[in-house]
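What follows is each chain in one-letter form.
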Amino acid sequence: MSRFKLTHANYYTAEANREYWSASLVKTFLDCPARAVAELNGEWEPPMGDALLIGSYVDAAFEGPKSFARFRSEHPELYKRDGTLKAQYIRADEMIERAKSDTVFMEYMRGRKQVIKTGTVFGLPFKAKFDAYRKGERITDLKTVKDMKPMYVPEQGRLSPVQAWHWDIQMALYSAIEGNNLPTYLAIITKESPPDLYLVEISKAEREACLSFLEQKMPMFDAMKSGIIEPTRCECCEYCRATKKLTGPITMTELEFEKYE
């Protein structure tokens, strides 16, 4: 296990990300190893679009009043020139209020917030930050998503958002990092009007399947992270589009329209 001491102040730093694996880093490697390595090396910074900022806004609201007030003060981009919230964050407030009106949703969001944990998985040091943690009982992660309709993923077909965004893998890793194999849940709020709510359990069998899948992938991912082998490119993400180098013309059949169905 790494001797690097994680804190809330350094959790997201480049040094912490080099020292530890995380569910977020694994998910990026699953989508595009080249982008993951570029982010680790400081060669690519994912843009903070509205979707990510809305997710962070909602997360901060559930951390508590002080965290929410601090988040809002640190992000002037949330506001219009007249000082009022932009429309998308008024919608985020509606999402928060919708969730808080549901007793079952709020029950599963009870517990210590933003709890940092470290552990060893597949022989590698991992870190995690749990949105809501009840020791000996459960781990809950809060998610915001456009809607819960099936998504098309190249080479995989139609998947639920839980699978497409690798949330099942995230929760499998959280349970493994925690060490007690606790039940894990996704508390999901959609951005629809009105917002919809979901509480999804990732079962022990599903978590074990995710870990078995990752066990085959992690040696290669760790070799890419360490610079031992060249990371592969997905040729679909923002990073790959930005760094793509043409080598010459391609044929009509090489366009692979099916990737964008």
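The written sequence of each chain sets the order in which its residues are numbered from 1. Whole-chain, interface and lining totals are the exception, using all residues; otherwise, since this is a predicted model, local features are given only for residues with pLDDT of at least 70 and side-chain atom pairs are given and counted only at 80 or more. Only hydrogens and water are set aside when side-chain values are computed; all heavy atoms of the structure are taken into account.

Caption draft 1: Summary view of the packing of aromatic side chains. Aromatic pairing here means that ring centres of Phe, Tyr or Trp (its six-membered ring) are within 6.5 Å. Orientation follows from the plane angle: under 30 degrees is stacked, over 60 is edge-to-face, and everything else is tilted. Going through the model one piece at a time under the given rule, you end up with 12 aromatic pairs. Note on Tyr-57 and Phe-71: the rings are 6.3 Å apart at their centroids and 75 degrees apart in plane angle, and the pair reads as edge-to-face. Placement of the pair is Tyr-57 in helix 4 (residues 50-63) and Phe-71 in helix 5 (residues 65-74), with a sequence separation of 14 residues. Using a 1.4 Å probe on the protein chains alone, a residue whose accessible area is under 20% of its type maximum counts as buried, one over 50% counts as exposed, and one in between counts as partly exposed. Owing to a relative accessible area of 0%, Tyr-57 belongs among the buried residues under this scheme. Residue classification places Phe-71 among the buried positions, given a relative accessible area of 11%. Between the aromatic rings of Tyr-108 and Tyr-185, the centroid separation amounts to 4.9 Å while the plane-to-plane angle is 65 degrees, which identifies the pairing as edge-to-face. A run of H or I in DSSP becomes a helix once it reaches four residues, and a run of E becomes a strand once it reaches two; helices and strands are each numbered from the N terminus.

Caption draft 2: Summary view of helix 4. Any helix carries an expected span of 1.5 Å times its number of residues minus one. For helix 4, with 14 residues, the first-to-last C-alpha span of 20 Å sits near the 20 Å given by 1.5 Å per residue. What helix 4 keeps buried is the set Leu-53, Ile-54, Gly-55, Tyr-57, Val-58, Ala-60, Ala-61 and Phe-62. Here, residues are in contact when the closest pair of their heavy atoms is within 4.5 Å. In this structure, the buried side of helix 4 is in contact with helix 5, helix 6 (87-100), helix 7 (103-108), strand 2 (112-121), strand 4 (138-145) and strand 7 (184-190). Gly-64 sits one or two positions beyond helix 4 and adopts a positive phi of about 140 degrees.

Caption draft 3: Main features of the pairing of strand 7. With 7 of 7 residues buried, strand 7 is to be regarded as a mostly interior element. Residue alternation in strand 7 divides its side chains into two sets, Thr-184, Leu-186, Ile-188 and Thr-190 and Tyr-185, Ala-187 and Ile-189, and both sets are buried. Strands were regarded as paired on the criterion that DSSP finds at least two bridges between them. Sheet analysis places strand 4 next to strand 7, joined by 7 bridges and oriented parallel. Within the sheet, the bridge partner assigned to Thr-144 lies in strand 7 and is Ile-189. By the bridge criterion, 6 bridges tie strand 7 to strand 8 (residues 197-202) in an arrangement that is antiparallel. Counterpart to Leu-186 in the pairing with strand 8 is Val-200.

Caption draft 4: Layout of the nonpolar core. Core analysis: the biggest nonpolar cluster contains 34 residues, and Trp-21, Val-26, Phe-29, Phe-126, Leu-173 and Met-218 have the highest contact counts within it. At the level of secondary structure, the elements contributing two or more residues to this core comprise helix 2 (23-31), helix 3 (33-40), strand 2, strand 3 (124-134), strand 4, helix 9 (167-178), strand 7 and helix 10 (204-225). Broken down by element, this core gets its largest block of residues, 7 residues, from helix 9. Residues contacting Val-26, with those up to four places away along its chain left out, are Trp-21, Phe-126, Ile-169, Leu-173, Leu-214 and Met-218. Residues belong to a common nonpolar core when they are buried Ala, Val, Leu, Ile, Met, Phe, Trp, Tyr or Cys residues joined through side-chain atoms within 4.5 Å.

Caption draft 5: Geometry of the environment of Glu-43. Secondary-structure assignment places Glu-43 in the loop between helix 3 and helix 4. Overall, the relative accessible area of 55% leaves Glu-43 in the exposed class. Through-space distance from the C-alpha of Glu-43 to that of Tyr-108 is 38 Å; in sequence the pair is 65 residues apart.

Caption draft 6: Structural view of unusual backbone geometry. In the segment running from Ser-193 into Pro-194, the intervening peptide bond is cis, with an omega of -5 degrees. With respect to the element layout, Pro-194 can be found in the loop between strand 7 and strand 8. Of note in the backbone geometry, Gln-114 takes a positive phi value of approximately 50 degrees without being a glycine. The topology assignment puts Gln-114 in strand 2. Exposure remark for Gln-114: the relative accessible area of 14% places this residue in the buried category. Phi at Glu-235 takes a positive value of approximately 60 degrees, unusual for a residue other than glycine. Take Glu-235: it is sitting in the loop between helix 10 and helix 11 (238-243). What makes Glu-235 partly exposed here is its relative accessible area of 39%.

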